[in-house]
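Report on the structure
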Amino acid sequence: MSLLYSILVAPFLDMAGSPLFLVEVVLGGIAAGLMYSLVALGFVLIFKASGVFNFAQGVMVLFAALTLVGLMERGVPVVVSLVLTGAVMVVLAFAIERLVLRPLINQAHIILFMATIGLNFFLEGFGEMVWGANVKKLDIGIPDRSLMVAGVQVNQLEMSAAATAGALVAILAVFFQRTRVGRALRAVADDHEAALSLGISLRPNRVIDWSVAGLVAIVAGVMWGAKSGVQFSLSLIALKALPVLILGGFESVAGAIVGGLIIGVGEKLGEVYWGPLVGGAIENWFAYMLALVFLLFRPQGLFGEKIIERV
Amino acid sequence: MIYREAGQFKTSYAADEAIFPIVQDRWFVSLALAAAALVPPLVANEYWLQAILIPFLIYALAAIGLNLLTGYAGQLSLGTGGFMAVGAYAAFKITTAWPALNILAVFMLSGVIAAGVGLVFGVPSLRIKGFYLAVATLASQFFLIWLFNKVPWFVNYAASGTITAPPRTVLGVMVTGPEATAPVRYLVALGVVAVLALVAKNLVRGRLGRAWMAIRDRDIAAEIIGIRPLPTKLLAFGISSFYCGVAGAELVFLYLGSAETLAFDINISFLVLFMVIIGGLGSILGSFLGAAFIVLVPIFLTNVPHLVGLQLPVALLKQIELMIFGALIIFFLIVEPHGLARLWQLTKEKLRLWPFPY
């Protein structure tokens, strides 16, 4: 009885008891969730356009952050380093298209997935070899401190990350809806044979797609790097983005954002109100369980394309 | 080639359906098995047994387990490490609770417990498919590892949080624990993997294996011709987890000696998946080839710089190793996406006609 009480009743009493704290927890969850969304966005972009489940997205985030910090440490101005890092990510996209994707064209999805895990290992070793393995500090001029707004503690860095994520989604939405290139990308994603017959060529499209994912990785890398330093463990955030991905659906940009918010808030609430019951440190698996429960009701994620199955 | 199968006529269904229908193949496999049992314990030194052969056999067992699930039943799983951990911790709990129980029976029992856990985590596979399922199986990986870390009962309240293989004997010979010699542990691992591989081979040739393959190739069509997806998929998860559980128990008891949950983290899941993909999806032989590849490549990469007299800093070496490993995986996927088993099959077919190909 007391167990049921502490699971089903006590946490809600706690929430009702101090609503301001609840707001703080939810805000923290939203901020954390948007950080996950930033990584998940990169996954979605690539999966949408080429059907590749890119496990290396986390390492691309790490690689982008490492390159940026490495350049800044060598005295290159911030803006120039950003541009250079962008160039590096585009070159990387070219290399991946030429060396990995093109030879593996028409292979099963699982083979491409495995290839991106290989890519994951390669980039990890390469990034550390070029820029060193020690933890680096990335200072982008936004202090990591809290402000009091209407009695609620708000972390400045997290809020700017949230704003960045919002801006990024707006830019991506315009890019995909209004520009010629973005429309071509969507056409290829919809039906690549029809797109081919309309004169859209596939190769440059894939390069563009991976480049855009690379640029998104830079943004994610900057935000995560500013938050917790640029270090090897950054590549593991890919694992954090995966539940966001299956929750939102692999093909949906909006899903990545909404999924991130649900996971972020759910994780924080679970950790704060239910975590102590089972000894804490549940954030490693709680997101997955949460996503799993959603998936049981909607197997293709919240915003994923409806799976039509026929024999 | 060195042998021809001409003149070998099959006069019964049993002969037609044999695992190795050709006499020479039967001889070859028996001889290879005998050689594997006799030669290494006599010839190989401690390093070879401990660093290469024992982990190879254990990983091969885990790879067979995952191959049953992913290669035959088509359910992509990233939770192998979690199921191996279940086997290891179950074996530890059972053998410390009943020390008199034969350690081989303990391995099998821990496999059964892992199978039970696998059944539970296999339930979502009925609704969730493909990559969604793969990510969902990560839930089991992270949850199980967290559970073993959090609940001190699993490690018998040891302050260090590690499980250690206690000394156990079979027929008077020390098999586990610090005093067990490498040749003995090697032979036990070999025996277990040989028997279980034979079972797996027969399983996939039989009714269940065919049902798995039907589900893999087109699940709705399989359902229509009368294969019930729920029991078939759940059995795939259960049996696969049994193999992984036994492999996990062996990993601690025959190879590592003592371990904590770190030995079963997400990396081991990926490693076993690599073995299955590189070896060949849907092939028992491929599981062995893939395990050999993944065990040997890192050892090869660490030793090559020493052999050519190159002196490099350790950190750099580690990074280069990682890069070459990643590049090799991509290279192999490009060259032969169907794995080493397919490569072996092609070679065999070429050799059959050699030296007079038409």
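First, a word on scope: everything that follows refers to the structure included in this document. The model shown is predicted, which means the values in this text are computed figures rather than measured ones. (Residues numbered from 1 in each chain as written. Chains lettered and ligands numbered in written order. Predicted model: local features only at pLDDT ≥ 70, side-chain atom pairs only at ≥ 80, totals over all residues. Heavy atoms only, no water.)

At the junction of the two partners, chain B supplies 42 residues and chain A supplies 52 residues. Interface area for chain B against chain A, summed over the two sides, is near 4200 Å², with a carbon-plus-sulfur share of 82%. Summed over the three residues of chain B that lose the most area to chain A, namely Phe 131, Tyr 132 and Met 323 of chain B, the buried surface amounts to 19% of that side. On the surface where chain B and chain A come into contact, there are 3 residue pairs in polar contact (both at pLDDT 80 or more). Mapped onto the side of chain B that touches chain A, the elements with two or more residues apiece are helix H6 (130-150), helix H9 (219-224), helix H11 (266-279) and helix H13 (314-335) of chain B. When residues of the side of chain B that touches chain A are assigned to their parent elements, the largest contribution, 12 residues, is made by H13 of chain B. Broken down by class, the residue content of the side of chain B that touches chain A amounts to 34 nonpolar, 3 polar and 5 charged. (Contact = heavy atoms within 4.5 Å. Buried area = accessible area lost by both parts, 1.4 Å probe. Polar contact = N/O pair within 3.5 Å; in protein donor to acceptor, adjacent residues only side chain to side chain. Helix = DSSP H or I, 4+ residues; strand = E, 2+ residues; numbered from the N terminus. Nonpolar A, V, L, I, M, F, W, Y, C, P; charged D, E, K, R; others polar.)

Here we come to a nonpolar patch on the surface. Residues and elements named next belong to chain A. Side chains of Leu 4, Tyr 5, Ile 7, Leu 8, Val 9, Leu 13 and Leu 277 sit close together on the surface and give an oily, nonpolar patch of about 610 Å² of accessible area. Looking at the nonpolar patch, the element that brings in the most residues is helix H1 (residues 2-8), giving 4 residues. Turning to its location among the elements, Tyr 5 is positioned in helix H1. Tyr 5 sits in the partly exposed class, given a relative accessible area of 44%. (Patch = residues over 30% accessible without salt bridge, like charges linked within 9 Å, V, L, I, M, F, W, Y side chains within 5 Å. Areas by Shrake-Rupley, 256 points an atom, 1.4 Å probe, with all protein chains shown as cover. Salt bridge = Lys/Arg side-chain N within 4 Å of Asp/Glu carboxyl O. Buried < 20%, exposed > 50% of the residue type's maximum accessible area, 1.4 Å probe, protein only.)

A word on the pattern of salt bridges. Residue and element names in this part refer to chain A. Applying the stated criterion across every chain yields a total of 4 salt bridges over all chains. Notably, a salt bridge pairs Glu 97 with Arg 102, separated by 3.2 Å at the nearest N-O pair. Assessed through its relative accessible area of 26%, Arg 102 is described here as partly exposed. One salt bridge in this structure joins Glu 97 and Arg 206, with 3.0 Å as the shortest N-O distance. Of this pair, Glu 97 sits in helix H5 (residues 78-101) while Arg 206 sits in helix H10 (residues 202-228); the two residues are 109 residues apart in sequence, bridging distant segments of the chain. On the accessibility criterion, Glu 97 (2% relative accessible area) is buried. Members of the salt-bridge network, linked through shared partners, are Glu 97, Arg 102 and Arg 206.

A word on the layout of surface pockets. One number sums up the size of the second largest pocket: a volume of about 1400 Å³. Surrounding the second largest pocket, 48 residues form its lining, Phe 121 of chain A together with Asp 265, Ile 266, Asn 267 and Ile 268 of chain B being those nearest its centre. Looking at which element gives the most residues to the lining of the second largest pocket, the answer is H11 of chain B, with 6 residues. Split into classes, the residues belonging to the lining of the second largest pocket amount to 34 nonpolar, 7 polar and 7 charged. (1 Å grid on protein atoms, 1.4 Å probe; cavity = no way out; pocket = protein on both sides within 12 Å on 5 of 7 lines; lining within 4 Å. Points joined across faces, edges and corners; volume = space filled by probe spheres on them.)

All right, on to the nonpolar core then. Ranked by size, the top nonpolar core spans 193 residues in total, and within it Phe 53, Phe 113, Trp 210 and Leu 242 of chain A together with Tyr 243 of chain B carry the most contacts. If one sorts the elements of this core by residue count, helix H3 (residues 46-72) of chain B sits on top with 17 residues. Every residue in contact with Trp 210 of chain A, bar those within four places of it in the chain, is listed here: Ile 46, Ser 50, Val 52, Asn 54, Met 60, Ala 93, Ile 96, Leu 101 and Leu 119 of chain A. Counting 5 residues, the second largest nonpolar core, distinct from the first, contains Met 15, Val 25, Leu 269 and Tyr 273 of chain A. (Core = buried A, V, L, I, M, F, W, Y, C linked by side-chain atoms within 4.5 Å.)

Residues Asp 190, Asp 191, Glu 193 and Glu 305 of chain A make up a contiguous surface patch of negative charge. Tracing the sequence through the fold places Asp 191 of chain A in the loop between helix H8 (180-190) and helix H9 (192-197). (Lys, Arg positive; Asp, Glu negative; His and termini not counted. Charge placed at Lys NZ, Arg CZ, Asp CG, Glu CD.)

Attention shifts here to the packing of helix H2 (residues 23-43) of chain B against helix H7 (residues 182-205) of chain B. For any two helices packed against each other, the geometry is given by the interaxial angle and the distance between the axes. All names here are of chain B. Interhelical geometry of H2 versus H7 gives an angle of 170° and a closest axis separation of 9 Å. By the angle between their directions, the pair H2 and H7 is classed as roughly antiparallel. Of H7, the residues touching H2 (which contributes Leu 33, Ala 36, Ala 37, Pro 40 and Pro 41) are Pro 183, Tyr 186, Leu 187, Leu 190 and Ala 194. Here the contact of H2 with H7 is composed, by residue class, of 10 nonpolar, no polar and no charged. (Axes fitted to C-alpha atoms, helices over the stretch in contact; angles between N-to-C directions. Parallel < 35°, antiparallel > 145°, perpendicular 65-115°, else oblique.)

Residues and elements named next belong to chain B. Note that strand E2 (residues 168-170) and strand E3 (residues 173-176) share 3 bridges and pair antiparallel. Paired with Arg 168 across the strands is Thr 176, a residue of E3. Where E2 folds back on E3, the antiparallel hairpin that results is connected by 2 residues, among which Leu 171 adopts a positive phi of roughly 55°. (Pairing = 2+ DSSP bridges.)

A separate point is empty space enclosed by the protein. Vacant regions in the atomic arrangement are exposed by a probe of water-molecule size rolled over the atoms. Applying the stated criterion to the full structure yields 4 cavities of 30 Å³ or more. In this structure, the largest cavity spans a volume of roughly 60 Å³. Every residue lining the largest cavity is listed: Leu 292 of chain A together with Phe 83, Phe 121, Pro 124, Leu 133, Ala 136, Thr 137, Ser 140 and Phe 237 of chain B. If you tally residues by element for the lining of the largest cavity, the top one is H6 of chain B, at 4 residues. Grouping the constituent residues of the lining of the largest cavity by class yields 7 nonpolar, 2 polar and no charged.

We now examine the packing of aromatic side chains. Using the criterion set out here, one finds 26 aromatic pairs over all chains in the structure. Taken together, a centroid distance of 5.4 Å and an interplanar angle of 65° make the contact between Phe 121 of chain A and Phe 325 of chain B edge-to-face. With Phe 121 of chain A in helix H6 (residues 109-131) and Phe 325 of chain B in helix H13, this pair bridges two chains. As far as burial versus exposure is concerned, Phe 121 of chain A and Phe 325 of chain B are alike and both buried. These aromatic residues form a ring-pair network of at least three members: Phe 43, Phe 47, Phe 53, Phe 55, Phe 113 and Phe 250 of chain A together with Tyr 132 and Phe 270 of chain B. The ring of Trp 153 of chain B has Lys 93 of chain B sitting right over it, with the charged end atom 4.0 Å from the ring centre. (Phe/Tyr/Trp six-rings, centres within 6.5 Å; stacked < 30°, edge-to-face > 60°. Lys NZ or Arg CZ within 6 Å of the ring centre and 35° of its normal.)

By secondary structure assignment, the location of Asp 219 of chain B is in helix H9. If we ignore the near neighbours within four places in the chain, the residues touching Asp 219 of chain B are Glu 309 of chain A together with Lys 129, Ala 214 and Lys 233 of chain B.

Residues and elements named next belong to chain A. Its 17 residues place the ends of helix H4 (residues 57-73) 24 Å apart at the C-alpha level, agreeing with the 24 Å of an ideal helix rising 1.5 Å per residue. Summarising burial for H4: 15 of the 17 residues are buried, a large majority. Just beyond H4, the residue with positive phi is Gly 75, at close to 85°. (Expected span 1.5 Å × (residues − 1).)

The subject of this paragraph is helix H14 (residues 339-353) of chain B. Residues and elements named next belong to chain B. Taking 1.5 Å as the rise per residue, H14 with 15 residues should run 21 Å; its terminal C-alpha atoms sit 22 Å apart, in good agreement. Of all the positions in H14, only Gly 339, Leu 340 and Ala 341 are classed as buried. Buried-residue contacts for H14 involve H11, helix H12 (284-307) and H13.

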